[in-house]
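# Summary of structural features
Now for the letters of each chain:
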Amino acid sequence: MVKYRQMIGLLVSLWLLVGCIPNGNDADVDTGNQLQVEMFKGDFATVNSFIFSNGESIIVMDVQRKSYEAEKLIEVVKAKQLPVSHILITHGHTDHFTGMPVFRSAFPGAKIVVANQAIRDDIKDYAIYMDGFGATAAEPPLEAPLKPKTAAHPDGFDYENYIEVLNTDRLELIGGGVLELTTDYKEAEAPHMTTVYSPELNAIFLSDFGYNKVHHWQGDDISWQDIANWREELLRIKADYAERNPVVYPGHGDVTDMTMFDDMVQYIDDYTRIVQSNRSRSEAMRQMMELYPDYGEADFFLKYSIENHLVDGID
Ligand SMILES: [Zn+2]
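The structure contained in this document is the topic of the report that follows. (Residues numbered from 1 in each chain as written. Predicted model: local features only at pLDDT ≥ 70, side-chain atom pairs only at ≥ 80, totals over all residues. Heavy atoms only, no water.)

Moving on to the overall build of the protein chain. A tally of helices and strands in the protein chain yields 11 helices and 11 strands. For the protein chain, the proportion of its 315 residues judged to be buried stands at 50%. In the structure as shown, the protein chain presents an accessible area of about 15100 Å², 53% of it carried by carbon and sulfur atoms. (Helix = DSSP H or I, 4+ residues; strand = E, 2+ residues; numbered from the N terminus. Buried < 20%, exposed > 50% of the residue type's maximum accessible area, 1.4 Å probe, protein only. Areas by Shrake-Rupley, 256 points an atom, 1.4 Å probe, with all protein chains shown as cover.)

Shown next, in the form of structure tokens:
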């Protein structure tokens, strides 16, 4: 009988002891703010959006090129049943900001934010460009809700009042977690760009400095100098983050690692050599597709990039 009691006592002690050792889940509950990220992959233009959440609030980064894609993204965000504090737009290209009006309606309490004034200006300028004579066949026209608000278009988008300028290099999630914003880049894929680093995730979100197995967008207003700057910035970012070795999330294509930087530099060198040594657009296209057969957006990004840089091409 004594032995039985001792055994019960031992078991109770063991149970108490085990109960006191925190396991992984308890640790998460204790901090309450484990930052997570979910990548939303748009079909149109293979453009990525990101949902940062910590169990208490959400920040969304970039909102797609088509309203119907933004609606799908909104469904994913709403399923999390958490308040959205910010919608961060990284740069002034339509594939990252077209979803703004539908997000504004879906999450009226969320702030649409950009890192600085220059990016807000880029967004409005690009919208005006897409809405006017500058739009090429490269992209579908601007969606009506993004027409700038004017006397003639009183229901248009009020860029100055609907988009808030952060003017800081940190965006904090309600409930914990920080996104570090970097914007001191040369004019490259866009005149101004925001990249995001998350120390908690050890992950870098390159926006359109990053293309993973997707042809780079070098169309429209992207000059050879912009491409050279892009190459230079890729090497700088690679060096800056080499020691941390973060997970790499591109603006277009799948999540990857630091090897992407060398792949992109190689791509830029191949593109420059092929396009500058050809007089025919179709021949340059053929050579690029032969070198990069599995890359996405050949009929969109590559086609209009070559049209942009091979203006005298005979086709
Ligand atoms: Zn993009």
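Bringing the packing of helix α10 (residues 281–291) against helix α11 (residues 298–309) into the picture now. Their axes nearest at 10 Å, the elements α10 and α11 cross at an angle of 135°. Considering their axes alone, α10 and α11 lie oblique with respect to each other. In this structure, α10 meets α11 at a crossing whose hand is right-handed. Along its contact with α10, which presents Arg-281, Ala-284, Met-285, Met-288 and Met-289, the element α11 presents Ala-298, Asp-299, Leu-302, Lys-303, Ile-306 and Glu-307. Taken together, the residues that form the contact of α10 with α11 break down as 7 nonpolar, no polar and 4 charged. (Axes fitted to C-alpha atoms, helices over the stretch in contact; angles between N-to-C directions. Parallel < 35°, antiparallel > 145°, perpendicular 65-115°, else oblique. Left-handed = near helix turned anticlockwise from the far one by under 90°. Contact = heavy atoms within 4.5 Å. Nonpolar A, V, L, I, M, F, W, Y, C, P; charged D, E, K, R; others polar.)

Moving on, we get to the coordination of the zinc ion. Coordination sphere of the zinc ion, protein contribution only: Asp-95 (OD), His-96 (NE2), Asp-208 (OD) and His-252 (NE2), at 2.0 to 2.2 Å. One way to put it: the 4 donor atoms around the zinc ion meet at angles of 89 to 153°, and that makes the site irregular. Mapping the donors of the zinc ion onto the primary sequence gives the spacing D-H-x111-D-x43-H. Here His-96, found in helix α4 (residues 94–97), pairs with Asp-208, found in strand β10 (residues 203–211); they are 112 residues apart in sequence, far enough to count as distant. (Donors = N, O, S within 2.8 Å, 3.2 Å for Na, K, Ca; no water. Tetrahedral: all angles 85-135°; square planar, octahedral: opposite > 155°, others 65-115°.)

One open sheet holds the 6 strands; their spatial order is β1-β2-β3-β4-β5-β6, and the pairing between them is mixed. A strand with exactly one partner marks an edge of an open sheet, and here the two such strands are β1 (36–41) and β6 (163–165). In this sheet, neighbouring strand axes are inclined to one another by 25° on average, regardless of whether the strands run parallel or antiparallel. Each of β1, β2 (48–53), β3 (58–61) and β4 (84–88) touches helix α3 (residues 67–78); the most contacted strand, β1, lies at about 155° to it. Here helix α6 (residues 117–131) sits on the sheet and contacts β5 (111–114) and β6; the angle it forms with β6, its principal contact strand, is near 155°. (Pairing = 2+ DSSP bridges.)

A separate point is the environment of Val-60. With respect to the helices and strands, the residue Val-60 is situated in strand β3. Taking C-alpha positions, Val-60 is 8.7 Å from Ile-89, a pair spaced 29 residues apart along the chain. For Val-60, the contacting residues outside a window of four places in its chain are Phe-50, Leu-73, Val-77, Val-84, His-86, Ile-87, Leu-88 and Phe-103.

A separate point is the packing of aromatic side chains. Summed over all chains, the structure comprises 21 aromatic pairs. Each ring, one from Tyr-267 and one from Tyr-295, has its centre 5.8 Å from the other, and the planes form 0°; the classification is stacked. Taken as a pair, Tyr-267 in helix α9 (residues 260–276) and Tyr-295 in the loop between α10 and α11 lie far apart in primary sequence, 28 residues in all. For Tyr-267, a relative accessible area of 0% corresponds to the buried category. Take Tyr-295: its relative accessible area is 13%, and that puts it in the buried class. (Phe/Tyr/Trp six-rings, centres within 6.5 Å; stacked < 30°, edge-to-face > 60°.)

The strand order across the open sheet formed by 5 strands is β7-β8-β9-β10-β11, and the pairing between neighbours is mixed. One side of each edge strand has no neighbouring strand; the edge strands of this open sheet are β7 (170–172) and β11 (247–252). Each neighbouring strand pair of the sheet contributes to a mean axis angle of 25°, computed without reference to strand direction. Summarising the sheet, strand β9 (residues 195–198) and β10 pair through 3 bridges and their orientation is antiparallel. Among the inter-strand pairings, Tyr-197 is bridged to a residue of β10, identified as Ile-204. Against the sheet, helix α8 (residues 224–241) engages β8 (178–182), β9 and β10, with an angle of about 170° to β10.

Tracing the sequence through the fold places Glu-189 in the loop between β8 and β9. Buried and unpaired, Glu-189 has Arg-65 as its nearest opposite-charge partner, separated by 12 Å. Separated by 2.6 Å, the side chains of Glu-189 and Tyr-211 make a polar contact. (Lys, Arg positive; Asp, Glu negative; His and termini not counted. Salt bridge = Lys/Arg side-chain N within 4 Å of Asp/Glu carboxyl O. Polar contact = N/O pair within 3.5 Å; in protein donor to acceptor, adjacent residues only side chain to side chain.)

Note that every value here comes from positions in space, so none of it alone points to a role or purpose.
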